[in-house]
Structures are given as C-alpha cells and as structure tokens.
Amino acid sequence: MKFKKIILGCIVLMLFSCKQTTKVNNEVIAPKNVILLIGDGTGLTQISSAFYFKETSPNYARFKHIGLINTSSSREDITDSAAGATAFACGVKTYNGAVGVANDSTKVENLVEIISPKNIKSGLVSTSSITHATPACFYAHNISRGSAEEIALDLVNSDVDFFAGGGTGYFNNRSDGKDLLNELKEKGFTIDTTSLSDFSSIQQYSKAAYLLAENHMPPASENRGDFLSKATELGIQFLNKDEENSNFFMMVEGSQVDWGGHANDGAYLVSELIDFDDAIGKALDFAELDGNTLVVVTGDHETGGFTLASTIKKREDGSEYSDYDEISMKFSTKGHSATLIPVFAYGPGSEEFIGVYENTDIFEKILKMTKWRSED
Ligand code: MG
Ligand code: ZN
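Residues numbered from 1 in each chain as written. Chains lettered and ligands numbered in written order. Predicted model: local features only at pLDDT ≥ 70, side-chain atom pairs only at ≥ 80, totals over all residues. Heavy atoms only, no water.

Asker: Can you walk me through the coordination of the magnesium ion (ligand 1) in this structure?
Answerer: Tetrahedral coordination by four donors puts the ideal angle at the metal at 109.5 degrees, and octahedral coordination by six puts it at 90 or 180 degrees. The coordination sphere of the magnesium ion (ligand 1) contains the protein donors Asp-40 (OD), Thr-134 (OG1) and Glu-253 (OE), at a distance range of 2.0 to 2.2 Å. Judged by its relative accessible area of 1%, Thr-134 is buried. (Donors = N, O, S within 2.8 Å, 3.2 Å for Na, K, Ca; no water. Buried < 20%, exposed > 50% of the residue type's maximum accessible area, 1.4 Å probe, protein only.)

This is how it looks when you write it as structure tokens:
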C-alpha cells in the first residue's frame, strides 16, 4: 500500500514536472535587440502603394504579425510627429509639438535612458535632420519641437551610441557659437560629415555619428541614394559588434514619406515609401539570420488623406467612367489625418503586436517583451 502511494506520488510528480517543462518551453524568449522602423506619415494606403509601384515584392509582405494603433495625441484627435514619437519613445500621450515631455510639460524618461544603464546600446537613423521631431523624442526633452539647437545639445548629452541623418548646422553653426561636433569627439565619437563609411573604419570606436546635410537629407529621388538602407545596415553592424553587451535598440525613420503627403506629391511619397521599404528589408535580413531580434514597423500618423483611386476617364459620348485598371493618386488634405495606423512585427515577441491598441502601447510592448525595464 505504502509502495503504491510512493509510485502514485512519483507519477503525479512526473506529470507535474512534465507540464512545468512544457510551459517553460512555450515561454517566448526575450529578444536581445529591437529595431523600430517608423514611416513618418505612413498609413495603409502609403504602404499599399509599394504593392503597385515597387518593382520587387515589398518587404512589408514578409510580416505575419500585424496590428493597428490609434495615434491621437493628448489634446488633439490628429497627432503631429512630436507627440507621435513621444508616445513610442516614452509611452505617454502628450500634446502636439512636445518632444519627450508629458502633457504637463514635465520630462518623461525615454527608451534610450531606460536601457543605457543596462549597457544596451542605441542607434538612430533618419532622412530628416537628426534633431527633427521623430528622432528627437528618443533622446531630447523639450516643450517645443522647433527648438532644434537645444535638441542638438540634448543629443550630445544623451547616451545614444550611433546616429546618422542630417542637421550639421544645429551642431556647428549655432547662435550660441558652440561647436557640438567637438563636444561629440570629446565623448568618443568618430564623426563623418561627408558620407557613410565602411564598418571596418569605425569598428574600433565606441560611438559613431554621421551628419550628412546642413539640415535635412535630400529626397530619395534627388541624390540621397540608398542612404537609409546603408545607414540601417551600418548601424546594426556597429551596435552589434562587441561580443559582450551586443544588445541594442535602433530607431530608423523614413522621414520624408510625410513630406510627400504634405506636398500632395504622389511621386515624392511613393519614392520615399519604396526607400523606407528597402530599409525594412535590411532590418529583416539581419533579424532572420540573428534570430534574437524583434523588428517593429509602424508610422506616427497618416499624411495627406492619401488614396489609390481609380482614374476617371471620358467616353466618346462625353460621359465619365472609372478605369479600374489605372491608379490615380489622390489626396484629401495637405495635413495629417486621424486614420488608424498599421503595425508589423517580426521575431521573438512579435505575437504581442497583434490587435488594436494605442500608440503608447508600442513602448509598453517593447519593454514587456525585452524585459528591459525589469530590475535585474
Ligand atoms: Mg518625422
Ligand atoms: Zn507631417
């Protein structure tokens, strides 16, 4: 009898431990790295344009886990890029124009500040000035997005390890006469103001900066070339280079999709969207090989009320018809719109991004899946 009880006990224990093991195996592994790609002003129609106007298959088609965000800011139904990026970088809804500060103008800790004490590196890439609203929210705190010189000073005083974009003038041609490029050098940065370099030439440095335009980078269709893809690849290589402390967070912004929308210029918008899609491909290529990288692609809001409409044509008798075999790009506003914005996720933790939620949840979900906010 006693023997039977022991055997039964053993079986129960075995079943129990078996269940425990399964549970452990089913637990999602925390990603080591996160690459957040933000298409400024990129709604579903902007994304859809790649499926009609890109010659190769869009990288957006490589995702399985997709969600939607509401992007309203604290005071307005329709957000601007500053409030939009503050939601992603700091996890709070704030007023339009606010950079890394809450609705009451108090500073809010951003992702870079949360992770740098844990020796997790960070990188920022944009096709605007690096001081512009979207990248700024990841390192600066300012009541107004317009204060580009103050924002540049915040970048020098931040723990960002790699950045690439435009904006040289806010660093070395300032109203206070300061030379922030020198200050960056003193902090261990290697700086290039002419072109992106090969990884081998920056490998030995702890920090690297590329400021390749006085203000914003030129449009993709002018002479920006494949800057965004190249900078994304270089940033990933640089942040991932050390055996120890190779964990990183990187934000990549396709800044000018928004400007094509504001200008109601379909060709400008589509060329920027395709360029951004190329950069998404670089992030996914790395994540596929690495296996420990979470890639999240979203937008801060939609711009232009963009539509891929059918083209209105006239018959011989003068009556009109819609030609369903010819897309005509149309806009309904010169500003932003309030539509929900898609979120695409790949890699460990990507299931978390399915559903309909607020833009601030992007921040929460990144921290939840990576466990970067935990005390240990
Ligand atoms: Mg932007
Ligand atoms: Zn805009």
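Moving on from the coordinates now.
Asker: Hey, could you run me through the coordination of the zinc ion (ligand 2) in this one?
Answerer: For the zinc ion (ligand 2), every protein donor is listed as Asp-258 (OD), Asp-258 (OD), His-262 (NE2) and His-336 (NE2), and the spread of their distances is 2.1 to 2.4 Å. Coordination geometry of the zinc ion (ligand 2): the four donor atoms subtend angles of 56 to 153° at the metal centre, consistent with an arrangement described as irregular. His-262 sits in the partly exposed class, given a relative accessible area of 30%. Since its relative accessible area comes to 17%, His-336 is described here as buried. (Tetrahedral: all angles 85-135°; square planar, octahedral: opposite > 155°, others 65-115°.)

Asker: Mind showing me how you'd approach the pattern of salt bridges here?
Answerer: Close approach of charged atoms lets side chains of opposite charge pair. Tallied over the full model, the rule gives 19 salt bridges. Across the pair Lys-241 and Asp-242 runs a salt bridge whose closest N-O atoms are separated by 3.6 Å. For Lys-241, a relative accessible area of 23% gives the class partly exposed. Overall, Asp-242 belongs to the partly exposed group, its relative accessible area being 31%. Between Glu-352 and Lys-368 there is a salt bridge; the shortest N-O distance is 3.2 Å. With Glu-352 in the loop between strand S13 (341-346) and strand S14 (355-358) and Lys-368 in helix H14 (residues 360-370), this residue pair connects regions lying 16 residues apart in the sequence. Several salt bridges share partner residues, and in doing so they unite Lys-54, Asp-277 and Asp-278 into one network. (Salt bridge = Lys/Arg side-chain N within 4 Å of Asp/Glu carboxyl O. Helix = DSSP H or I, 4+ residues; strand = E, 2+ residues; numbered from the N terminus.)

Asker: Would you explain the environment of Thr-339 in this entry?
Answerer: Here Thr-339 lies in the loop between strand S12 (336-337) and S13. Judged by relative accessible area, which is 37%, Thr-339 ranks as partly exposed. Taking C-alpha positions, Thr-339 is 7.6 Å from Asn-70, a pair spaced 269 residues apart along the chain. Once you skip the residues sitting within four places of it in the chain, Thr-339 turns out to touch Thr-71 and Glu-302. (Contact = heavy atoms within 4.5 Å.)

Asker: Looking at this model, I keep getting lost on the side chain of Gln-46. Mind explaining?
Answerer: In this structure, Gln-46 sits in helix H2 (residues 44-53). You can call Gln-46 buried: its relative accessible area is 0%. At 2.8 Å, the side chain of Gln-46 and the side chain of Glu-302 are in polar contact. Apart from the residues lying within four places of it in its own chain, the contact partners of Gln-46 are Gly-41, Val-257, Leu-269, Leu-273, Glu-302, Thr-303 and Phe-306. (Polar contact = N/O pair within 3.5 Å; in protein donor to acceptor, adjacent residues only side chain to side chain.)

Asker: Mind showing me how you'd approach the packing of aromatic side chains here?
Answerer: The description of two aromatic rings rests on the distance between their centres and on the angle between their planes. Enumeration over the complete set of coordinates arrives at nine aromatic pairs. Every member of this aromatic cluster is reached through a ring pair, and the members are Tyr-60, Phe-63 and Phe-344. One Lys or Arg, Lys-241, reaches over the ring of Phe-238 and ends 5.0 Å from the middle of that ring. (Phe/Tyr/Trp six-rings, centres within 6.5 Å; stacked < 30°, edge-to-face > 60°. Lys NZ or Arg CZ within 6 Å of the ring centre and 35° of its normal.)

Asker: Would you take a moment to explain the sheet that holds strand S5 (residues 189-192) for this structure?
Answerer: Within a sheet, neighbouring strands are paired by backbone hydrogen bonds and run either parallel or antiparallel to one another. Reading across the sheet, the ten strands line up as S5-S6-S4-S3-S7-S1-S8-S13-S2-S14 and stay open at both edges, with mixed pairing between neighbours. Because the sheet does not close on itself, it has two edges, and the strands there are S5 and S14. Pairs of neighbouring strands in the sheet enclose a mean axial angle of 15°, with direction left out of account. Relative to strand S6 (residues 207-211), strand S4 (residues 162-166) runs parallel, the two sharing four bridges. Counterpart to Phe-163 in the pairing with S6 is Ala-209. (Pairing = 2+ DSSP bridges. Axes fitted to C-alpha atoms, helices over the stretch in contact; angles between N-to-C directions.)

Asker: How should I be thinking about the packing of helix H11 (residues 227-239) against helix H13 (residues 266-290) in this particular structure?
Answerer: The angle between the axes and the distance between the axes are what describe a pair of packed helices. In the contact formed by H11 and H13, the axes pass within 8 Å of each other and the chain directions differ by 25°. Here H11 lies roughly parallel to H13, going by the angle between them. Between H11 and H13 the crossing geometry is right-handed. Taken together, the residues of H13 that come into contact with H11 (itself represented by Leu-228, Ser-229, Thr-232, Glu-233 and Ile-236) are Asp-275, Phe-276, Asp-278, Ala-279, Lys-282, Ala-283 and Phe-286. Class assignment for the residues of the contact of H11 with H13 results in six nonpolar, two polar and four charged. (Parallel < 35°, antiparallel > 145°, perpendicular 65-115°, else oblique. Left-handed = near helix turned anticlockwise from the far one by under 90°. Nonpolar A, V, L, I, M, F, W, Y, C, P; charged D, E, K, R; others polar.)

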